[in-house]
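Overview (structure and organization)
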Amino acid sequence: MIAPDPTIGDPWWVWVIAGPLAAACAMAVFRKLSAAFGLLAGLIIAGLAARLILLVAEAGAVKTEIGGWAAPLGIELMADGLSAGMLGITALVGMIISIYAAAYFRPHDGADPSNPPPTLFWPLWMFLWAALNALFLSADIFNMYVTLELMGLSAVALTALSREPAAVSAALRYLLVSLLGSLSYLMGVALLYGAFGTLGLASLAAELTPAPAALAALALMSAGLMMKAALFPLHFWLPPAHAAAPAPVSALLSALVVKASFYLLLRLWFDAFGPAATAAAALIPGVLGAVAVLWGSVQALSAQRLKMLVAYSTVAQLGYLFLVFPLAAAEGARGTAWCAAIYFVIAHACAKAAVFLAAGNVLIGFGHDRIEELRGAVQDLPVSMFGFAVAGVSLIGLPPSGGFIAKWLFVTAAIDAGQWPLAAVVVAGGLLSTAYIFRFFSRAFAHVTEKHSCCRVHPAMEWSALALALCALALGLTAPPVIGLFQVGPPLLETAAMGGRP
Amino acid sequence: MTPPLLYALAGVALFSIGVGGLITAAHLLRQVLSFNVAGSGVFLFLVAMAYRTPGPFPDPVPHAMVLTGIVVAVSATALALLLICIRHESTARSATGEDDRP
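From a predicted model like this one, the values you see are computed outputs, not experimental measurements.

So, on to the overall build of chain A. For chain A, the helix and strand inventory stands at 21 helices and 2 strands. Along the longest, intermediate and shortest principal axes, the C-alpha atoms of chain A span 75 × 55 × 40 Å. The buried share of chain A, taken over its 502 residues, is 63%. When contacts within chain A are restricted to residue pairs at least 6 apart in sequence, long-range pairs at least 24 apart make up 82% of them. Roughly 17,000 Å² of accessible area belongs to chain A as shown, and the carbon and sulfur atoms make up 70% of that amount. With 22 positive and 22 negative side-chain charges, chain A shows a separation of 9 Å between the mean positions of the two kinds.

Looking only at helices and strands, one finds 3 helices and 0 strands in chain B. Element order for chain B, N to C, with α for helix and β for strand: α-α-α. The buried share of chain B, reckoned over its 102 residues, is 40%.

Another point: the interface of chain A and chain B. Listed by partner, the interface residues are 40 residues for chain A and 38 residues for chain B. For the pair chain A and chain B, the summed buried surface comes to about 3,400 Å²; carbon and sulfur atoms form 82% of the total. On inspection of chain A and its partner chain B, the count reaches 0 salt bridges. Viewed at the interface, chain B and chain A are joined by 2 residue pairs in polar contact (both at pLDDT 80 or more). Looking at the side of chain A that touches chain B, the elements with two or more residues in it are helix 5 (141-159), helix 6 (165-196) and helix 12 (306-321) of chain A. Ranked by residues supplied to the side of chain A that touches chain B, first place goes to helix 6 of chain A with 21 residues. Its residues assigned to classes, the side of chain A that touches chain B shows 32 nonpolar, 5 polar and 3 charged.

Residues and elements named next belong to chain A. Summed over all chains, the structure comprises 5 salt bridges over all chains. A salt bridge links Asp369 to Arg305; the shortest N-O distance between them is 3.1 Å. With Asp369 in the loop between helix 14 (334-366) and helix 15 (377-380) and Arg305 in the loop between helix 11 (279-302) and helix 12, this pair connects stretches of sequence that are 64 residues apart. Among the salt bridges present, the one from Arg370 reaches Glu373, with a minimum N-O distance of 3.0 Å. Residue Arg370 is classed as partly exposed on the basis of its relative accessible area, which comes to 39%. One continuous salt-bridge network, built from bridges that share partners, spans Asp80, Arg267 and Asp271.

Here the focus is the packing of aromatic side chains. Residue and element names in this part refer to chain A. Evaluation of the coordinates by the stated rule reveals 23 aromatic pairs over all chains. Ring centres of Phe440 and Phe441 lie 6.5 Å apart, and the angle between their planes is 50 degrees; this geometry places the pair in the tilted category. Ring centres of Phe441 and Phe445 lie 5.4 Å apart, and the angle between their planes is 80 degrees; this geometry places the pair in the edge-to-face category. The exposure class of Phe445 is partly exposed, given its relative accessible area of 40%.

Attention now goes to helix 2 (residues 34-59) of chain A. Residue and element names in this part refer to chain A. In a regular helix each residue adds 1.5 Å, so 26 residues correspond to 38 Å; helix 2 covers 36 Å between its end C-alpha atoms and thus fits that length. Here helix 2 has its buried residues at Ser34, Gly38, Ala41, Gly42, Ile45, Leu48, Ala49, Leu52 and Val56. Within two residues after helix 2, Gly60 carries a phi angle of roughly 85 degrees, on the positive side.

Bringing unusual backbone geometry into the picture now. A negative phi holds for most residues other than glycine; trans holds for most peptide bonds. All names here are of chain A. The peptide bond linking Phe232 to Pro233 adopts the cis configuration, its omega dihedral lying at 0 degrees. Counting through the fold element by element, Pro233 comes out in the loop between helix 8 (212-228) and helix 9 (238-244). Unlike most non-glycine residues, Arg163 shows phi in positive territory, near 65 degrees. Within the element layout of this structure, Arg163 appears in the loop between helix 5 and helix 6.

This part takes up helix 10 (residues 247-272) of chain A. Residue and element names in this part refer to chain A. In this model helix 10 runs 36 Å from its N-terminal to its C-terminal C-alpha over 26 residues, within 8% of the 38 Å that 1.5 Å per residue would give. Maximum bend of helix 10: about 40 degrees, positioned at Leu253. Of all 26 residues making up helix 10, 26 are buried, and the element is well covered by its neighbours.

The method is simple in principle: a probe with the dimensions of a water molecule rolls over the atoms, and the space it marks as empty is what remains. Residues and elements named next belong to chain A. In this structure the tally under the stated criterion is 5 cavities of 30 Å³ or more. In this structure, the largest cavity spans a volume of roughly 80 Å³. Forming the walls of the largest cavity are Met151, Gly152, Tyr174, Val177, Ser178, Met227, Lys228, Trp237, Val257, Val258 and Ser261. For the lining of the largest cavity, the secondary structure elements donating two or more residues are helix 5, helix 6, helix 8 and helix 10.

Turning our eyes to something else, we now look at the confidence of the model for chain A. Residue and element names in this part refer to chain A. Averaged over all residues, the pLDDT of chain A equals 87, while 92% of them reach at least 70. The least confident element of chain A is helix 21 (residues 493-498), whose mean pLDDT is 38; the most confident is helix 5, at 94. In the predicted structure, residues 491-502 sits below a pLDDT of 50 and forms 13 contacts with residues beyond four places in sequence or in another chain.

Residues and elements named next belong to chain A. A cluster of nonpolar side chains, Leu283, Val287, Val291 and Trp295, forms an exposed patch at the surface whose accessible area comes to about 340 Å². With respect to the helices and strands, Leu283 occurs in helix 11. Accessibility expressed as a relative area gives 48% for Leu283, which makes it partly exposed.

Right, let's talk about the side chain of Ser384(A) for a bit. All names here are of chain A. Turning to its location among the elements, Ser384 is positioned in helix 16 (residues 382-396). Here Asn361 takes part through its side chain, which lies 2.9 Å from a polar atom of the side chain of Ser384. Residue contacts for Ser384: discarding those within four places in its chain leaves Ala358, Asn361 and Glu462.

Rules of the game
Throughout this description, residue numbers start from 1 for each chain and increase along the sequence as written. Here every chain gets a letter starting at A, and every ligand a number starting at 1, in the order they are written. Predicted model: local features are reported for residues with pLDDT of at least 70 only, side-chain atom pairs are reported and counted for 80 or more only, and whole-chain, interface and lining totals are derived from all residues. Side-chain metrics in this entry use all non-hydrogen atoms of the structure; hydrogen atoms and water are not considered. Counting from the N terminus, the helices are DSSP H or I runs at least four residues long and the strands are E runs at least two residues long. When accessible area is computed with a 1.4 Å probe and restricted to protein chains, residues below 20% of their type maximum are described as buried, those above 50% as exposed, and intermediate ones as partly exposed. Any two residues whose heavy atoms approach within 4.5 Å are treated as being in contact. Here, Shrake-Rupley sampling with a 1.4 Å probe gives the accessible areas, and only protein chains in the shown set may cover a residue. Positive charge is attributed to Lys and Arg, negative charge to Asp and Glu, and no charge count is given to His or to the chain ends. Charge positions come from single atoms, namely NZ of Lys, CZ of Arg, CG of Asp or CD of Glu. Once two parts are brought into contact, the accessible area they lose, counted with a 1.4 Å probe and summed over both, makes up the buried area. Salt-bridge detection follows one rule: a side-chain nitrogen of Lys or Arg within 4 Å of a carboxyl oxygen of Asp or Glu. For this analysis, a polar contact is any N or O atom pair within 3.5 Å, provided that within protein one partner can donate a hydrogen and the other can accept it, and provided that sequence-adjacent residues contribute only side-chain to side-chain pairs. Ten residues, namely Ala, Val, Leu, Ile, Met, Phe, Trp, Tyr, Cys and Pro, are considered nonpolar, four, namely Asp, Glu, Lys and Arg, are considered charged, and the remaining ones, Gly among them, are considered polar. Stacked, tilted and edge-to-face are the three classes assigned to paired rings of Phe, Tyr and Trp, where Trp is represented by its six-membered ring and a pair needs centres within 6.5 Å; plane angles under 30 degrees give stacked, over 60 edge-to-face, the rest tilted. For a helix, the expected span equals 1.5 Å multiplied by the residue count minus one. Bend is the name given here to the angle between axes fitted to two runs of seven residues, the run ending at a residue and the run starting at it. Method remark: on a 1 Å grid restricted to protein atoms, a set of points is classed as a cavity if a 1.4 Å probe fits but cannot get out and as a pocket if it is open with protein on both sides within 12 Å along at least five of seven lines; lining residues have an atom within 4 Å of a point. Grid points are joined across faces, edges and corners, and a volume is the space filled by probe spheres set on the points. The pLDDT score gives, residue by residue, the confidence of the prediction method on a 0 to 100 scale. Only residues whose relative accessible area exceeds 30% and that take part in no salt bridge are eligible for patches, with like-charged residues grouped when within 9 Å of each other and nonpolar side chains (Val, Leu, Ile, Met, Phe, Trp, Tyr) grouped when within 5 Å.

The structure is reproduced here in structure tokens:
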């Protein structure tokens, strides 16, 4: 019997998970104060995440067992550079979206039927935040399943927040796809446990052999996660769900939620499945990713509505992430490809959140988001449109932006690996994204003499979109320290080799 | 064929049937039921994995996983049913046929 050790207290950084859960409970009691609680909790979580980043950057990876219960029955948490970095970007983007949401869901004088009850957004967002943080800190594959489901369920509920038929239909489709994905993942977990008798990432990395069970588990788990990460051709659920959700929710889903599934894929392929993830297997996500870049861009080019354009752009941009698998399988390009994917994740998180918030402002300002009828939008929403433009620079990958660094690293990795077709895909994707971004710009920045009827958009909503866009731009100037942080600590293989806890 | 292997294979079969149903069924309720069938398949497979330790006592870890999994599946089913009800109230239809492409 493994008894809990009462002398070990839980470290303070457990509160990045417990904090939002506590806030969600408080919101259930004090409904009217939800927004205040949300912003306060956001500030505290952001502070803790910053402190954890400093700790990890200084002292390397840290781990703990919650309540002193050891694995496998207890829950083990681990924070290395990758976890801390993801926690940080979640806190940064989440905090700015929270400020936007506080203005978006503020109580109106006249009850506006198109706006959902503002109290429900906050507890769901806190659950989502707790799930994301727990997912990034998980050190075993079953805990990852639980956090994946928590994240999926809160994300689906957020999608359906407006209760409009289109949103509910999209949420249902999203839910069913998400459940299929996580069941497939759970089946893989069961196979791995049956074959190797362990769930911990570190011990799996040490014990995994390329046995048939491991290969089947890799296939099942990857397929499930790719479905949740909306990799072509499993992306069909994403555009309607992301387009139908309220603006802050669209931003959260596109910036953070799909990235969490990709984070799990990175962990599995690079940490746990080292021996089983061969170059031939890595070709499948790579090719699908390349197709996604082209297909998503072409769909974005033909979209009629701004939010659809942005959602299809997410499909395309997610495609780039999957190029990391074939590139990293080539000797010599592994490190560069890994950095490229990580940088792409954080740059896209900032830029896409900014674009979705700006698109939300357009929807509120003009009451619609039909691209053809948005001529001269810049005259009514100058700050939002400037934010859209700055974020567009990062999405296209022009210097000096985070998107540029990421694409530059991708092209470098492709050349190092000798995989020229992938370099061509990155460049072609950049050209296509220029086309679809400028398709909107050419309308929005057109000079028109007649005035639109434009409602006033709260300044906090305009400026938070711009703030996120500026973050994406700033990432172009801060690459060395950021990449340095993400590389801190294990590949878990090192901790496994050191023994850890018996 | 040993009993654990039989259970494990039955679990895989249930999982496959459920996944097949989830993909092919047109009616939303059938899809939710398919998800539950597939989930039961995974749980049965996990329970069969508990036999992997020699001796009279089965391995408790898969049982803990199944209990957690059941809680998750119940919550997911509840959310799905609630969404179906909301959708039914507003459209009085319950097939996923609606097209909301650009």
